[in-house]
There are 2 protein chains.
Amino acid sequence: MTITTVGLDADDTLWHNETLFRLTHRRFTDLLAPHCDEATLEARLAETEKRNLRLYGYGVKGFTLSMIETAMELTDGAVETSVIREILAAGREMLTEPVEPLPGVDQALARLSERYRLVLITKGDLLHQEQKLAASGLGDLFAAVEIVSEKDADTYRRVFARHGTGPEQAVMAGNSVRSDVVPALDAGCWGALIPYPLVWAHEAASAPKDHPRYVELGSISDLPAWVDGITGQ
Amino acid sequence: MTITTVGLDADDTLWHNETLFRLTHRRFTDLLAPHCDEATLEARLAETEKRNLRLYGYGVKGFTLSMIETAMELTDGAVETSVIREILAAGREMLTEPVEPLPGVDQALARLSERYRLVLITKGDLLHQEQKLAASGLGDLFAAVEIVSEKDADTYRRVFARHGTGPEQAVMAGNSVRSDVVPALDAGCWGALIPYPLVWAHEAASAPKDHPRYVELGSISDLPAWVDGITGQ
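Residues numbered from 1 in each chain as written. Chains lettered and ligands numbered in written order. Predicted model: local features only at pLDDT ≥ 70, side-chain atom pairs only at ≥ 80, totals over all residues.

## Things to note about the sheet that holds strand S2 (residues 117-122) of chain B
All names here are of chain B. Strand order across the open sheet formed by 6 strands is S3-S2-S1-S4-S5-S6, with parallel pairing between neighbours. Two strands bound the open sheet, and with one partner strand each, they are strand S3 (144-147) and strand S6 (214-216). Across the sheet, the mean angle from the axis of one strand to that of its neighbour is 20 degrees, orientation sign disregarded. Relative to strand S4 (residues 170-174), strand S1 (residues 5-8) runs parallel, the two sharing 4 bridges. (Pairing = 2+ DSSP bridges. Helix = DSSP H or I, 4+ residues; strand = E, 2+ residues; numbered from the N terminus. Axes fitted to C-alpha atoms, helices over the stretch in contact; angles between N-to-C directions.)

Below you can see the structure in the form of structure tokens.
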């Protein structure tokens, strides 16, 4: 089996993301604490996000709008406007947060890029993802960048046909079973899960442990050897 | 000269967009009328949008956040929360507005697609632009779709290298001198301006009237004959 192309997820695979969302959640629950307990607030925010997903898609701007909407609904409009301003500021800060590659990412990508075509495949706000990639300093290692509205099997078929030699000769690696692994396996790719300590509720799913083209790695540092191993077989 | 590829802008070229933004502006100024006169409000909203552009990029979600921010700033937080809810609702309605091709678009694209590779090139929210294309029923006429964060000469070079035979053999057509025409000409493409009655202040610019590869057309219905004419020369 020959692997020519390696797809990599971005958020929580190459750099922190969910941690930043959790910190903003904390800020949000603190702001609304006079109106509502944390559990109720989190549940309502999750509902609002889920309801808005088909309209807003993924990313910080939609998340900010969903926080404002949740604050309005939960307080029946009685929320202080200072809270709305704080939410707007929190969203803007998320968009300007410095981006630093997770441990081992630089070395793993440098090694992979010597033998394989690297493609970044990520959801989220178009401009923000481009800015994060630029800020990370990793941009030059990628032959292509695909910012997509949804990660399903068709997405992986299309991306690896366009930028590689088809899904059968591609590995997809990321931290989400639901977005990075399962649809990539369905498309015919190899799939590597690189867990991140936190998973967004929307992304939770069970790993396909017995799938012949699947592996769960301890860290991105193990990815180059695994990919080389497929090709060597 | 052989033309192989025709790039088309989407908003206000294939379907109405600025009209919808103007209607939402009107709704916004009505909502804030108790606090502020229309001219001041419009000026402040334009400032906020411009300031946020590098952070939010183009599209309805960023516009909604900028409306909320402007309402907060102008009233020094004294705005009623019912107004914030109305702004959120206005943003959501923009995202679900039905999409209908402008007059002549169906026929022009059908004719162009017989001879040339069509590529949709647009700014805005990723998911929303995909949804509008799907709703328009025009999706099958395009060989490729590129939703980009900025339209500069590099964008056109990259897109027409990837999806065509380079910028020299490509026409770019759209309603914005600043985004669709000038950078496309700079990249080496041919450029066709198809004016729309309204232009967003940010997009205003003077047409390069004497440029040898530029034309201003009365309507998209004139585009196929103009492109054929280049090839025929």
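## Some details on the relation of the copies chain B and chain A
Taken as rigid bodies, chain B and chain A are interconverted by a rotation of 180 degrees and an axial shift of 0.0 Å, the fit giving an RMSD of 0.0 Å. Considering both components of the superposition, the chain copies are consistent with a two-fold axis. When the interface residues of chain B are mapped onto chain A, 100% of them again lie at the interface, so the same face is used by both copies. (Least-squares fit on C-alpha atoms with pLDDT ≥ 70 in both. Contact = placed C-beta atoms within 7 Å.)

## Looking at helix H5 (residues 105-115) of chain B
Residues and elements named next belong to chain B. The complete set of buried residues in H5 reads Val105, Ala108, Leu109 and Leu112. Viewed end-on, H5 has its buried residues packed into an arc of 95 degrees, placing them on one side of the element. Away from its buried face by more than 90 degrees, H5 exposes Ala110 and Glu114. Elements that come into contact with the buried residues of H5 comprise S1, S2 and helix H9 (223-232). (Buried ≥ 20, exposed ≤ 12 C-beta atoms within 10 Å, placed from the backbone. Arc of directions from axis to C-beta.)

## A few points about the environment of Ile230 of chain B
Residue and element names in this part refer to chain B. Along the chain, the position of Ile230 falls in helix H9. Residue classification places Ile230 among the partly exposed residues on the basis of 16 C-beta atoms within 10 Å. Through-space distance from the C-alpha of Ile230 to that of Pro34 is 56 Å; in sequence the pair is 196 residues apart.

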